[in-house]
Amino acid sequence: MFLQNNEIRDLLNQVADLLEIRDDNPFRVRAYREAARVIEQMTEPVASLVKANKDLSQYRGIGRDLAAKIREIVETGGLEQLRRLRQELPVSLLDLMQVPSLGPKKTAQLYKHLGVASLEDLERAARRGQIADLSGFGEKSQQHIIESLGRVKKSGEKRLLWSDAAVHARALEEYLMDIEGVRRVRVAGSFRRGEETVGDLDVLVTCGRDREKDVMEAFVSFEGVKNILSHGKTKSSVILRPGLQVDLRIVAQVSYGAALHYFTGSRAHNIAVRKLAQDKGYKINEYGVYQGEKRVAGKTEKEVYASVGLTYIPPELRENMGEIQAAADNRLPALLKRSDIRGDLHCHTRRTDGHGSLEEMAHGAIAMGYQYLAVTEHSQKVAMAGGLNEKQVLQYMKKIDAINEKFSGFRLLKGMEVDILADGRLDLADSVLAQLDLVVCSVHYQQRMDEKKQTERIIRAMDNPYCHILGHPTARLINTRDPMEIDLEKIILAAKDRGVILELNAQPDRLDLPSSYCKMAAESGVRIAVSTDAHSVENLELMENGIAAARRGWLTRNDVVNTRSLSELLRLLRRP
DNA sequence: GCCGTTTTCGGCCCGACTGTTTTCAGTCG
Ligand SMILES: Nc1nc2c(ncn2[C@H]2C[C@H](O)[C@@H](COP(=O)(O)OP(=O)(O)OP(=O)(O)O)O2)c(=O)[nH]1
Ligand SMILES: [Mg+2]
Ligand SMILES: [Mg+2]
Ligand SMILES: [Zn+2]
């Protein structure tokens, strides 16, 4: 099969690392890394673009040379340049680069003078005391290397799910807010951008005059700290007991906006905004926007953006993926927000594998401020969840009708999450589906089929006129299970043709349909349902997760069906 | 290697912390 975007990204990053160890032009190195980033962020598989003879140099950051190299990678599965580099330098040097404190220069030094080419070599050399004598190293850095060897990220070691990081973030915020002199605490970085997973927590703090030192002291003394990596006046890094790194930055109040902008990133976004400032005769750093020595902005992020002629850019969009041009043209979308949401279109109760009763879920939804909640139990095929057969569905519908009698201004929608069988038929008879308010169809079994078959299976399910929503379309579980091999472009077009809605499942390890495909779907005119797939009353609050993912996909109120009133929603569902 | 209503050549974001170093390079955010 053709290489995936992530595999192409890895090859380009390998070239970059090896060039850097060889002390090549740093800007050339950067160009490879930038191309790798662009490819990682692309929604479409690069292989498809190459096959379709698309001109890759249309992408900013990919020029004539890199376009040709990417094409070579897709067509041959490798890159001649990389093979040559690997003859010149052992590829295991890339492992050395993973050791904290070892970058390209020190790696080259270790290899050149001590023949250190692997982590084992490194440990041996350090323990024998050979490294301390090397120029640029000393006793401390040798000791540091020994300690750092334990912190090398193994391949396959996972980034934290956003929702897991949130638990640590909240605890830390609380601790920091209680420190005397602290004014503001903000978790920035990938966490604030709402990424699916985060590599660390980046926390910005402002405090009263001359309190910086004490505040920093208090931070590194946090009970959860296992390890202090660095400890300076304005910036420190620690490792918490669960292995999570936290970077803390302290600035004065006047720099809050500029610092928040810096620390929220992304790196690529920062570089692009700072470049804009340069072009306009300004300099942006974490302290403010400067014209010469004079600070001209920086108290708020809005000020920072305004200084370079941009409207405020929401954190979720800050990836240098078109948001800066859109802000310059004042055409950023009004992103989906919590107050837009009128209901939830996917949940389970105790009748199958949920925990709440129908009444409890209804009251939970009302407490969320909703007009409707679709109860979508599993169908019979999903036996381990106690899925319902046709007869049971009809009985259950009566029960829901009875409960709905008690409400005004709110309704439980009679739904089902119907399993898509291996051949694309649905797990319940059309005669039953026809009586439901809402049908979510999703794949639970046989997720390993070749792409063509799997895609046909799903499109066949969407052919059923009662299929309203395609549930968790890729079936991925973040950090656990890869997405199914499917042609999502085809599925999006098929959904468009049939009036099928795609689900953005808000479960923290699903976030499925992934954001970039949500963007593609919305651009194709396909609507999205942001659904929690709640299995308990508390789970209804996962809507926030879904909204963050939707925002990263540039979705607006208009793109999302569960922003509609009940009557509008029902009108918008396809009918046979 | 990329890029261009200032440029097709000459720039490419900017700064904190550490350790090794006599004034700063390397790494990292
Ligand atoms: N201007 C500038 N800012 C940077 C650079 N590297 C990092 N930053 C800023 C933007 C990042 O979002 C922020 C935090 O850095 P991190 O390494 O923690 O990255 P981030 O949180 O985006 O992703 P992560 O999930 O931690 O891998 O610091 C850089 O090279 N230049
Ligand atoms: Mg981070
Ligand atoms: Mg960080
Ligand atoms: Zn479900």
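The preceding data block contains the structure.
Residues numbered from 1 in each chain as written. Chains lettered and ligands numbered in written order. Predicted model: local features only at pLDDT ≥ 70, side-chain atom pairs only at ≥ 80, totals over all residues. Heavy atoms only, no water.

> Please clarify how the pattern of salt bridges should be interpreted in this entry.
Side chains bearing opposite charge may pair, as long as their charged atoms lie close to each other. All told, the structure shown has 36 salt bridges when counted by the stated rule. In this structure, the salt-bridge partner of Glu-195 is Arg-159, at a minimum N-O distance of 3.7 Å. Placement of Glu-195 in the loop between helix 11 (189-192) and strand 3 (197-198) and of Arg-159 in the loop between helix 9 (139-148) and strand 1 (160-161) is noted, with a sequence separation of 36 residues between them. For Glu-195, a relative accessible area of 19% translates into the label buried. A relative accessible area of 39% places Arg-159 in the partly exposed class. (Salt bridge = Lys/Arg side-chain N within 4 Å of Asp/Glu carboxyl O. Helix = DSSP H or I, 4+ residues; strand = E, 2+ residues; numbered from the N terminus. Buried < 20%, exposed > 50% of the residue type's maximum accessible area, 1.4 Å probe, protein only.)

> Help me understand the site of ligand 1, please; the structure alone is not making it clear to me.
In the vicinity of ligand 1 lie 15 residues, with Arg-159, Ser-190, Gly-199, Asp-200 and Arg-267 positioned nearest. Contact between ligand 1 and Asp-202: an oxygen atom at 2.9 Å from a side-chain N or O atom of the residue. Here Arg-274 contributes a side-chain N or O atom positioned 3.2 Å from a nitrogen atom of ligand 1. For the shell around ligand 1, the secondary structure elements donating two or more residues are helix 11, helix 13 (256-264) and helix 14 (267-279). The class makeup of the residues in the shell around ligand 1 is 3 nonpolar, 6 polar and 6 charged. Counting the residues that make up the shell around ligand 1, at least three belong to each of domain 3 (160-250) and domain 4 (255-328). (Near = heavy atom within 4 Å. Polar contact = N/O pair within 3.5 Å; in protein donor to acceptor, adjacent residues only side chain to side chain. Nonpolar A, V, L, I, M, F, W, Y, C, P; charged D, E, K, R; others polar. Domains from an automatic or database assignment.)

> Whenever I open this one, the nonpolar core confuses me. Can you help?
One recurring pattern in soluble globular proteins: nonpolar side chains tend to sit buried together. Counting 69 residues, the largest nonpolar core has Leu-412, Met-462 and Leu-502 as its most contacted members. If sequence neighbours within four positions are ignored, Leu-412 has contacts with Leu-358, Ala-362, Leu-373, Val-375, Ile-400, Ile-403, Asn-404 and Asp-437. Membership of the second largest hydrophobic core comes to 49 residues, among which are Ile-8, Val-29, Ile-70 and Val-152. (Core = buried A, V, L, I, M, F, W, Y, C linked by side-chain atoms within 4.5 Å. Contact = heavy atoms within 4.5 Å.)

> Whenever I open this one, the protein's contact with DNA strand B confuses me. Can you help?
In the region of DNA strand B, 49 residues are neighbours, and Arg-30, Gly-61, Gly-63, Gly-103 and Gly-138 sit closest. Counting only atoms of DNA strand B within 4 Å of the protein, the fraction found in sugar and phosphate groups is 77%. With respect to DNA strand B, the backbone of Lys-105 contributes an N or O atom lying 3.3 Å from a phosphate oxygen. Contacts to DNA strand B include His-231, whose backbone N or O atom sits 2.8 Å from a phosphate oxygen. Secondary structure elements with two or more residues in the surface near DNA strand B: helix 2 (26-41), helix 4 (64-76), helix 7 (104-114), helix 9, strand 5 (225-231), strand 7 (245-251), helix 14 and strand 8 (283-285). Of all the elements, helix 2 adds the most residues to the surface near DNA strand B, at 5 residues. Of the residues in the surface near DNA strand B, the class split is 15 nonpolar, 15 polar and 19 charged.

> I'm lost on the coordination of the magnesium ion (ligand 3) in this one. Help?
Each angle at a metal carrying four tetrahedral donors should ideally be 109.5 degrees, and each at a metal carrying six octahedral donors should ideally be 90 or 180 degrees. Looking at the magnesium ion (ligand 3), one finds its protein donor set to be Asp-200 (OD), Asp-202 (OD) and Asp-247 (OD), positioned 2.0 to 2.1 Å from the metal centre. Taken in chain order, the donor set of the magnesium ion (ligand 3) reads D-x1-D-x44-D. A gap of 3.5 Å separates the magnesium ion (ligand 3) and the magnesium ion (ligand 2), which Asp-200 links by coordinating each metal. Pair noted here: Asp-200 is in the loop between strand 3 and strand 4 (201-207) and Asp-247 is in strand 7, with a separation of 47 residues, a long-range link. Each of the two residues, Asp-200 as well as Asp-247, counts as buried. (Donors = N, O, S within 2.8 Å, 3.2 Å for Na, K, Ca; no water.)

> Could you clarify how one ought to interpret the sheet that holds strand 8 in this entry?
For sheets, the rule is that strands pair by backbone hydrogen bonds, running either parallel or antiparallel. The antiparallel open sheet is built from 3 strands, whose spatial order is 8-9-10. The two strands at the open ends of the sheet, each matched to only one other strand, are strand 8 and strand 10 (294-297). If you compare each strand with its neighbour and ignore which way they point, the axes differ by 40° on average. Taken together, the 3 bridges between strand 8 and strand 9 (residues 288-291) define a ladder with antiparallel strand orientation. Across the sheet, residue Lys-283 finds its bridge partner in strand 9, namely Tyr-290. (Pairing = 2+ DSSP bridges. Axes fitted to C-alpha atoms, helices over the stretch in contact; angles between N-to-C directions.)

> Sorry if this is basic, but what is going on with the sheet that holds strand 17 (residues 528-531) here?
The 7 strands lie next to each other as 11-12-13-14-15-16-17, forming an open sheet whose pairing is parallel. Both edges of this open sheet fall to strand 11 (343-344) and strand 17, since each of them pairs with a single strand only. As paired strands, strand 14 (residues 438-442) and strand 15 (residues 469-470) are joined by 2 bridges and run parallel to one another. Paired with Cys-441 across the strands is Leu-470, a residue of strand 15.

> How do you make sense of the side chain of Thr-43 when you look at a structure like this?
Within the fold, Thr-43 resides in the loop between helix 2 and helix 3 (46-51). The exposure class of Thr-43 is buried, given its relative accessible area of 18%. At a separation of 3.5 Å, a polar atom in the side chain of Thr-43 contacts the side chain of Ser-516.

Remember, this is a structural readout, not a statement about activity or role.
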